[in-house]
Amino acid sequence: MELINIRKQFPILNQQIHGYPLVYLDNAATTQKPLQVIERLQQYYEQDNANVHRGVHTLGSRATDAYEGARRIVANFLNAKSEKEVIFTRGTTTSINLVASSYARAVCKEGDEIVISAMEHHSNLLPWQQVAKAMKAKLKYIPLQQDGTFSIEDAEKAITSRTKIVTVSHVSNVLGIANPVKQMAALAHKHGAVIVVDGAQSVPHIKVDVQDLGCDFYIFSGHKMCGPTGIGVLYGKKQILEKMEPIEFGGEMIDHVGLHDATWKESPWKFEGGTPIIAGAIGLGAAIDFLEGIGLDVIEKHDKHLTGYAVERMKQIEDVTMYGPEDGRFGLVTFNLDKVHPHDLATVLDSNGVAIRAGHHCCQPLMRHFGVSATARASFYLYNTEEDVDQFILALEKTKGFFKESIF
Ligand code: 7TS
């Protein structure tokens, strides 16, 4: 009910694609931006734009206040103990690479283990492959069950005294389900390891409390939660960040610079070398204000409801195969229409105004687990409606009819 007027906040949705109203169901790739965020960015550029942490002039201090204010918004949003635990990065991929290049290379030795799952997005896989190779450490996979998930019992078996890092997505971008990260954090800590949680698909849909989860690192992107592209977050526990070395060196991040050596600022600033992503951070702050104004509980309920509604309707269509467990999807459903390549399916849906994603979703190991090279995926967000789902289902049925004569 609370979301009834929300679409007015998203001018982009008010357009026709190939003569049909746009139905945007590619939210797991990126979400649309509300006026509240667009106007905040415009206001910043029109009135306050300056570099941060240097000038004593008025615009400089306004920009600095806005940038550091955004850090406080993120810290409160995640229930971090301090805003010093929030590092601004370019996005999830950059945040994971920062932990892998700085923390992991410092702690992993030959024979140590990094526990991971094969459902991970490539961004939470390749950085660990690189660390494992460089440090002669082992990537240890928690075995996947038939439906693509893993059990907490298998996670418990995989995490041992050899484990240095456990890394897993909170919500999978293919399965749409949540992993038991709180229990996994406890298991990691029992063995003296840390847990890195890829929250790219969870933060937009559910209330995340990093202290309650007990995670050491928590990572997400602004663009998947109504914020701008080019901004993301690395949350890290203060005592861990303090011990980590920066991986980028230059302006902004220094304390004292000599001819042959230099010292750094404290965290988080030592990790933000160069002019930071000022407008991006401010835009992300505005996006969080927007989402909190609605309530993450309302958003979670809405997204789950729409996904459930779509799944029920899709079950009625013969030849649709859905991937992942039956229940518990947070906002997306991954599927195939028998004998139709997902790219063809997405093209025909687009000609009916419906935007979905087709491909391997940067999850090639998980695709192989399912024995497919690609799938289609519909992903929902707060501005989607049951009417959107109806238009999607109609287009899906039309697509089936379209290909039927030649294939079925
Ligand atoms: N981790 C997960 C779970 C993701 O879903 C994504 C992006 C990333 C990491 C990388 O985020 P980025 O902002 O650094 O690119 N996922 C997708 C997707 O599913 N379709 O397009 C992007």
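Every value quoted in this text rests on a predicted model; they were computed, and no experiment measured them.

A. Representation of the side chain of Thr399 in the model. For Thr399, the position within the fold is in helix α13 (residues 386-404). Judged by relative accessible area, Thr399 falls into the buried class, the value being 0%. Filtering out sequence-adjacent residues up to four positions away, Thr399 remains in contact with Leu337, Leu345, Val348 and Leu349.

B. How the structure looks around the nonpolar core. Counting 81 residues, the largest nonpolar core has Val74, Leu78, Phe88, Tyr218, Met225, Leu291 and Leu382 as its most contacted members. Of the residues forming this core, the biggest block, 11 residues, is contributed by helix α9 (residues 278-294). Each of domain 1 (3-27 + 296-407) and domain 2 (37-293) gives at least three residues to this core. Ignoring any residue separated from it by four or fewer positions in sequence, one finds Leu291 in contact with Met225, Cys226, Leu296, Ile299, Tyr381 and Leu382. Grouped together as the second largest cluster of nonpolar side chains are 28 residues, Leu25, Leu337, Leu349 and Ile393 included.

C. How the structure looks around the pairing of strand β11 (residues 254-257). Alignment of β11 against strand β12 (residues 262-264), held across two bridges, turns out to be antiparallel. Bridging from a neighbouring strand, Val257 pairs with Ala262 of β12.

D. Just the site of the ligand, in detail. Residues in close proximity to the ligand total 15 residues, the closest being Thr93, Asp198, Ser221, Arg357 and Arg377. For the ligand, an oxygen atom lies 2.8 Å from a polar atom in the side chain of His223. When the ligand is considered free in solution it has 490 Å² of accessible area, and contact with the protein chains removes 87% of it. Split into classes, the residues belonging to the shell around the ligand amount to three nonpolar, eight polar and four charged.

E. Representation of helix α10 (residues 296-315) in the model. With 20 residues, α10 extends 28 Å between its outermost C-alpha atoms, agreeing within 8% with the 28 Å of an ideal straight helix rising 1.5 Å per residue. The set of residues buried in α10 consists of Leu296, Val298, Ile299, His302, Asp303, Leu306, Thr307, Ala310, Val311 and Met314. Residues of α10 that are buried in the fold lie against α2 (58-78), α9, β13 (320-323), β14 (332-337) and α13.

F. Spatial organisation of the state of the cysteines. Summed over all chains, the structure comprises zero disulfides. Cys108 carries a free sulfur, and the closest cysteine sulfur to it, the one in Cys215, is 18 Å from it. Assessed through its relative accessible area of 2%, Cys108 is described here as buried. Cysteine Cys362 is unpaired, with the sulfur of Cys363 as its nearest cysteine sulfur at 6.9 Å.

G. Up close: the pattern of salt bridges. Going through the model one piece at a time under the given rule, you end up with 22 salt bridges. Residue Glu252 is joined to Arg54 by a salt bridge in which the shortest nitrogen-to-oxygen separation is 2.6 Å. Of this pair, Glu252 sits in the loop between α8 (238-243) and β11 while Arg54 sits in the loop between α1 (35-48) and α2, placing them 198 residues apart in sequence. Since its relative accessible area comes to 13%, Glu252 is described here as buried. The class for Arg54 is partly exposed, based on a relative accessible area of 47%.

H. Geometry of the packing of α10 against α13. The N-to-C vectors of α10 and α13 enclose an angle of 25°; their axes lie 10 Å apart at closest approach. Taken together, α10 and α13 sit at an angle that is classed as roughly parallel. Between α10 and α13 lies a crossing whose hand is right-handed. Residues His305, Leu306, Tyr309, Ala310, Arg313 and Met314 of α10 pack against Glu386, Val389, Asp390, Phe392, Ile393 and Leu396 of α13. A breakdown of the residues in the contact of α10 with α13 according to their chemical character gives eight nonpolar, one polar and three charged.

The rules behind each value
- Residues numbered from 1 in each chain as written.
- Predicted model: local features only at pLDDT ≥ 70, side-chain atom pairs only at ≥ 80, totals over all residues.
- Heavy atoms only, no water.
- Helix = DSSP H or I, 4+ residues; strand = E, 2+ residues; numbered from the N terminus.
- Buried < 20%, exposed > 50% of the residue type's maximum accessible area, 1.4 Å probe, protein only.
- Contact = heavy atoms within 4.5 Å.
- Core = buried A, V, L, I, M, F, W, Y, C linked by side-chain atoms within 4.5 Å.
- Domains from an automatic or database assignment.
- Pairing = 2+ DSSP bridges.
- Near = heavy atom within 4 Å.
- Polar contact = N/O pair within 3.5 Å; in protein donor to acceptor, adjacent residues only side chain to side chain.
- Areas by Shrake-Rupley, 256 points an atom, 1.4 Å probe, with all protein chains shown as cover.
- Nonpolar A, V, L, I, M, F, W, Y, C, P; charged D, E, K, R; others polar.
- Expected span 1.5 Å × (residues − 1).
- Disulfide = S-S within 2.5 Å.
- Salt bridge = Lys/Arg side-chain N within 4 Å of Asp/Glu carboxyl O.
- Axes fitted to C-alpha atoms, helices over the stretch in contact; angles between N-to-C directions.
- Parallel < 35°, antiparallel > 145°, perpendicular 65-115°, else oblique.
- Left-handed = near helix turned anticlockwise from the far one by under 90°.

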